[in-house]
Structures are given as C-alpha cells and as structure tokens.
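Letter by letter, the chains look like this.
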Amino acid sequence: MKALSIPVRVVGPGSQPEEQEPLQYLDMPHEMDTFRMPLVPERTDAEALSEARDVLQEFLEALEPWDPLLASPAPMLALTGLSPAARVIVNQMLGDGEVSIKLDGERRAHIQESVFAGVWRVCELDADDRLIGDWIEAGAIPSIVLDAAHAAAAPAPAIVEIVQRKPPSPAHVINLTLFPLTPEDHRVLEKALPVGPVAIISRGFGNCRITSTLARNVWRVQYFNTMNTLILNTLEIVEAPEVALAAPEDIEDSRERLSELIEWMSESCTA
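J.: Residues and numbers for the overall build of the protein chain, please.
T.: Each helix and strand in the protein chain was counted, giving 6 helices and 10 strands. With 271 residues in all, the protein chain has 42% of them scored as buried.

Next up, the structure:
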C-alpha cells in the first residue's frame, strides 16, 4: 500500500459547509485488519462443504492463468445454481475484506471484497431488492462498478484542473482541504459535481469514503480519523481511485491463499 503524498490536516471552520446534511455510512473499524485464513466450519453438512469446495476450485482454475496486467476479461463465476447451504459456506470462506461497495442507480448491487484481495462477491438487485445476479469476480475492482459510474456520468465540466488529465496518465488530485472554502463554495461544487451511483468504503488506510460523481472520471475521496473527523478531502480525476483497487501482487497472493484454503476444505471433506 502506498503512503499518502498529499498534505493532511484536520478540516477547520470555513472548510466545509455548515448546513450540509450528514451522510449515512457503514460503521468503520478503528485499525487496519491483517489477513487471517478463514476457518473451515467444524460442524457442517458434508455435501454442502464439498459443493462449496468445488465452486471455489472452479473459480481458482479460472484465476490461475489470468494475468491482471492484461486487458483480458476477468474471471467470473456465477453462484445462482448453488444450494443455500453451500452459498453460506462460500461466503464464510471468502469473508469480508477491506473494501465495500454499493451501487444505487440504473444498476443496483452490494459488493464486498473478500479477505482474498482482488476476489469480490457481487450481488446485483432489482428495484425491489430481489437478487438477480450473484457471482464471484477477480480483478482490481468489479467491472460493474466502473460500468455503473461511467454510464451515469456526463463529460466533466470545463474546470481547467479536471480537463487537463488524459488517460492513462496518473490520477490528478485536487486537495480541497487546503482551500478556505466557504459554504457557498461547497454548494457550487456540489451543483457542478452531483453525487453519482457508486459509494465505496475502503478500510485499507484508515477510514476512506469514496463516491462517484455525475462528471465522468471525477470522484470524491475523503479520509476520516478514528474520531470520524474529516482530515483529507479531495477530488480525484481518474478512472477509479487507487485506494479502492486491488493491486496485481495482491491478486497473486490471493491465488496462493485460495489454493491453501481449498486444500483445507478438501481435507475436511474426507475427514
């Protein structure tokens, strides 16, 4: 994980709108988690455990030859045909990692990175919150996330700092924390950059909250300390903020760890 290269300070008076309504977010942890191999349940249905093991083995076989640095499609495996008992075990084995994502637009989904970095659980919902898609996907971030953000957005407004960046150059970061913005300034920014359909929480570096905007490739990225005080408020002009992405080396580690998990599950199946 890269250290922040942006100056950080606690936001004081005059730096955020006084009348802004508080946004609702998931509870945040107070320290960064380290990897812990999930434990195979001691008491579980042997048939369901075997079914879950086979599903993870099939996903691993698709993951092993895949190169995340190439533009080839990322491995995906649908879980819609899985029995409920096996699905519970798959979810237990994958666990909850650092990044959680919610899509709330034309496409709606709840997405959770597993403890195996770069391996994601994706549940797509219809307008009535019924499950219409359920799969495991590998990659820096699930493709549905960037598709949803891009589909909802229009070209960025003619702000000089924004239009200067052209892909695939590094992210252009505007540190709003350093500007003495008034409440009126914030209202102008919010009108120019309305909130988009993607909300991301990343626990990899403190408490980081990311939202897409309706300007293409423009993201609000905010860091909070353990007291839930905003310490860094930025705009990032990039296809996806790096703090939300799994690195290629993380995915390589996940291949090895997932293989170890499947071996343990196989041993439990024969015990």
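There is more to say, and it comes next.
J.: So what's going on with the packing of helix α1 (residues 46-63) against helix α2 (residues 84-94)? Residues and values would help.
T.: Between two packed helices, what matters for the description is the angle formed by their axes and the separation of those axes. The interhelical angle for the contact between α1 and α2, taken along N-to-C directions, is 55°, at an axis separation of 8 Å. Classified by the interaxial angle, the pair formed by α1 and α2 is oblique. Once α1 is placed against α2, the crossing between them reads as right-handed. Contact residues: Ala48, Leu49, Glu51, Ala52 and Leu56 in α1; Ala85, Ala86, Ile89, Val90, Met93 and Leu94 in α2. Here the residues of the contact of α1 with α2 are counted per class, giving 10 nonpolar, no polar and 1 charged.

J.: Outline the side chain of Asn207, listing residues and values.
T.: Its location among the elements puts Asn207 in strand β8 (residues 207-213). The class of Asn207 is buried, set by a relative accessible area of 6%. Reaching out from Asn207, the side chain makes a polar contact with the backbone oxygen of Asn225 at a distance of 3.4 Å.

J.: For unusual backbone geometry, give the residues involved together with the corresponding values.
T.: Of note, Asp129 is a non-glycine position whose phi angle comes to about 65°, a positive value. In this structure, Asp129 sits in the loop between β4 (119-125) and β5 (131-138). Residue classification places Asp129 among the partly exposed residues on the basis of a relative accessible area of 48%. For Asn228, which is not glycine, the phi dihedral falls at a positive 65°. Residue Asn228 is classed as partly exposed on the basis of its relative accessible area, which comes to 44%.

J.: Tell me about the sheet that holds strand β3 (residues 108-113), and please be specific about residues and values.
T.: In space, the 10 strands of this open sheet follow the order β1-β5-β4-β3-β2-β7-β8-β9-β10-β6, with antiparallel pairing throughout. Looking at the sheet topology across the chains shown, the edges are occupied by β1 (76-78) and β6 (172-175). Each strand axis lies, on average, 20° off the axis of its neighbour in the sheet, ignoring direction. Looking at chain direction, β3 and β4 are connected through 6 bridges and run antiparallel. Bridging across to β4, Glu113 finds its partner in Trp120. Across the sheet, α1 is in contact with β1, β4 and β5; its angle to β5 comes to roughly 50°.

J.: Can you explain the packing of aromatic side chains? Please cite residues and give values.
T.: Scanning the entire structure with this criterion turns up 0 aromatic pairs. When the ring centre of Phe224 is taken as origin, the NZ or CZ atom of Arg209, which lies over that ring, is 3.9 Å away.

J.: Hey, could you go over the confidence of the model for the protein chain for me, with residue numbers and the actual values?
T.: Per-residue confidence for the protein chain gives a mean pLDDT of 83; residues scoring 70 or more make up 79%. Every residue in residues 1-32 scores below 50 in pLDDT, and together they form 62 contacts with partners more than four places removed in sequence or on other chains.

J.: Describe helix α6 (residues 248-270), naming the residues involved and giving the relevant values.
T.: Taking 1.5 Å per residue as the helical rise, α6 with its 23 residues ought to reach 33 Å, and the 34 Å between its terminal C-alpha atoms agrees with that figure. By the burial criterion, the buried members of α6 are Ile251, Ser254, Arg255, Leu258, Leu261, Ile262 and Met265. Among the structural elements, α1, α2 and β4 are those in contact with the buried residues of α6.

J.: Can you lay out the pattern of salt bridges for me, pointing to particular residues and giving the numbers?
T.: The tally for this structure, following the rule as stated, stands at 10 salt bridges. Arg121 is the partner of Asp134 in a salt bridge, and the nearest nitrogen-oxygen pair spans 2.6 Å. Of the two residues, Asp134 sits in strand β5 while Arg121 sits in strand β4, which places them 13 residues apart along the sequence. Exposure class is identical for Asp134 and Arg121. Each is buried. A single salt-bridge network, built from bridges that share partners, covers Arg87, Arg121 and Asp134.

J.: Outline the nonpolar core, supporting the account with residue identities and numerical values.
T.: Leu56, Phe59, Val90, Ile136, Leu258 and Met265 are the most contacted members of the largest nonpolar core, which totals 27 residues. Taken together, the elements giving at least two residues each to this core come down to α1, α2, β5 and α6. Of all the elements, α1 adds the most residues to this core, at 8 residues. With residues near it in sequence (within four places) discarded, Phe59 still touches Pro75, Leu77, Val119, Ile136, Glu137, Ala138 and Leu258. In this structure, Val99, Ile144, Val145 and Ala148 belong to the second largest nonpolar core, which totals 24 residues.

J.: Can you tell me about the packing of α1 against α6, naming the residues and giving the values?
T.: Where α1 contacts α6, the axes come no closer than 10 Å and their chain directions differ by 155°. It follows from the interaxial angle that α1 and α6 lie roughly antiparallel. Crossing of α1 against α6: the hand is left-handed. Contacts between α1 and α6 involve Leu49, Ser50, Ala52, Arg53, Leu56, Gln57, Phe59, Leu60 and Leu63 from the first element and Ile251, Arg255, Leu258, Ser259, Leu261, Ile262, Met265, Ser266, Ser268 and Cys269 from the second. Considering only residue class, the contact of α1 with α6 consists of 12 nonpolar, 5 polar and 2 charged.

The rules behind the values
- Residues numbered from 1 in each chain as written.
- Predicted model: local features only at pLDDT ≥ 70, side-chain atom pairs only at ≥ 80, totals over all residues.
- Heavy atoms only, no water.
- Helix = DSSP H or I, 4+ residues; strand = E, 2+ residues; numbered from the N terminus.
- Buried < 20%, exposed > 50% of the residue type's maximum accessible area, 1.4 Å probe, protein only.
- Axes fitted to C-alpha atoms, helices over the stretch in contact; angles between N-to-C directions.
- Parallel < 35°, antiparallel > 145°, perpendicular 65-115°, else oblique.
- Left-handed = near helix turned anticlockwise from the far one by under 90°.
- Contact = heavy atoms within 4.5 Å.
- Nonpolar A, V, L, I, M, F, W, Y, C, P; charged D, E, K, R; others polar.
- Polar contact = N/O pair within 3.5 Å; in protein donor to acceptor, adjacent residues only side chain to side chain.
- Pairing = 2+ DSSP bridges.
- Phe/Tyr/Trp six-rings, centres within 6.5 Å; stacked < 30°, edge-to-face > 60°.
- Lys NZ or Arg CZ within 6 Å of the ring centre and 35° of its normal.
- pLDDT = per-residue confidence, 0-100.
- Expected span 1.5 Å × (residues − 1).
- Salt bridge = Lys/Arg side-chain N within 4 Å of Asp/Glu carboxyl O.
- Core = buried A, V, L, I, M, F, W, Y, C linked by side-chain atoms within 4.5 Å.

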